[in-house]
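# Chain and residue survey
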Amino acid sequence: MTEDTDNKDQTPTPEEVTPDLAVLQAENADLRKQNEDYLDSLQRERASFANYKRRIDLDNASYADRLLGEHVKLFLPVADDLERSLQHLPEDPDCASWISGIELILQKLLKTLEAKDVRPLELKPGDMFDPNTQEAVTHEENDTYTNGQIIEVIQTGYQIKDRVIRPALVRVAK
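Residues numbered from 1 in each chain as written. Predicted model: local features only at pLDDT ≥ 70, side-chain atom pairs only at ≥ 80, totals over all residues. Heavy atoms only, no water.

Here we take up the side chain of aspartate 65. Position of aspartate 65 relative to the elements: it lies in helix α3 (residues 21–73). Note on aspartate 65: relative accessible area 19%, which makes it buried. With sequence-adjacent residues up to four places away left out, aspartate 65 is seen in contact with Ile160, Lys161 and Arg163. (Helix = DSSP H or I, 4+ residues; strand = E, 2+ residues; numbered from the N terminus. Buried < 20%, exposed > 50% of the residue type's maximum accessible area, 1.4 Å probe, protein only. Contact = heavy atoms within 4.5 Å.)

The next subject is the packing of helix α4 (residues 76–87) against helix α5 (residues 96–115). Following both chains from N to C, one finds α4 and α5 inclined at 145°, their axes separated by 10 Å at the closest point. Here the hand of the crossing between α4 and α5 comes out left-handed. Where α4 approaches α5, its residues Leu76, Val78, Ala79, Leu82, Glu83, Ser85 and Leu86 are matched on the opposing element by Ile99, Ile102, Glu103, Ile105, Leu106, Leu109 and Leu113. Within the contact of α4 with α5, the residues separate by chemical class into eleven nonpolar, one polar and two charged. (Axes fitted to C-alpha atoms, helices over the stretch in contact; angles between N-to-C directions. Left-handed = near helix turned anticlockwise from the far one by under 90°. Nonpolar A, V, L, I, M, F, W, Y, C, P; charged D, E, K, R; others polar.)

Now for the packing of aromatic side chains. Counted according to the given criterion, the structure contains one aromatic pair. Here phenylalanine 49 and tyrosine 52 contribute two aromatic rings whose centre-to-centre distance is 6.3 Å and whose plane-to-plane angle is 35°, an arrangement assigned as tilted. Placement of both phenylalanine 49 and tyrosine 52 in helix α3 is noted, with a separation of three residues, approximately one turn of the helix. Relative accessible area serves as the criterion here: at 42%, tyrosine 52 is assigned to the partly exposed category. (Phe/Tyr/Trp six-rings, centres within 6.5 Å; stacked < 30°, edge-to-face > 60°.)

Our next topic: the nonpolar core. Ranked by size, the top nonpolar core spans twelve residues in total: Val72, Leu76, Ala79, Leu82, Ile102, Leu106, Leu109, Leu113, Val118, Tyr158, Ile160 and Ile165. Looking at this core, the elements that each hand over two or more residues are α4, α5 and β4 (158–160). Top contributing element to this core by residue count: α5, with four residues. In contact with leucine 76, other than residues within four places in its own chain, are Leu113, Tyr158, Ile165 and Arg166. In terms of nonpolar packing, the next biggest core, distinct from the first, is built from five residues, Leu121, Ile150, Ala168 and Val172 among them. (Core = buried A, V, L, I, M, F, W, Y, C linked by side-chain atoms within 4.5 Å.)

Next up on the list: α5. Between its first and last C-alpha, α5 extends 28 Å over 20 residues, near the 28 Å set by a 1.5 Å rise per residue. Taken as a whole, α5 has its buried residues at Ile99, Ile102, Leu106, Leu109 and Leu113. Looking straight down α5, one finds its buried side chains confined to an arc of 95°; they lie on one side. Opposite the packed face of α5, turned more than 90 degrees from it, sit the exposed residues Ser97, Leu104, Lys108, Lys111 and Ala115. Check the buried side of α5 and you find it contacts α3, α4 and β1 (118–120). Taken from the residues just after α5, aspartate 117 is the one with a positive phi, measuring 65°. (Expected span 1.5 Å × (residues − 1). Arc of directions from axis to C-beta.)

Rendered as structure tokens:
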């Protein structure tokens, strides 16, 4: 028992307890540098993850637009048929309600497509031919239009946002 009490009575001196100040300062500097490195690494990883997430979101949106375009293409021939039927209207006055019904169906189809950001390419005779959005069916001599102008739009083209899902078929002057 005397040994335990002797050990308790022997308290270390402040010089023994206090490590060298220079050692503590060096250790503190090393820990601060390590802390800065960890913080820098964490910030880089967060930025990298944010860029990855943004890229994935853009890819998913683009993929959704491509899928929508593929599905919309199935309905475009119906819109074409309705447009053609309205170009060849019967002259019988009894067909007026039939004609207005066809017009309403076409308008409803186009509004439904527009709600999904699908829009027809707005072209008219006299516009310049653009191979990015149009496909030339013929190149013809024409007295009314100059070289490269559209003579007639044969089939309406459609786009989703800025991406053409079906080019317009046109006749072009040469």
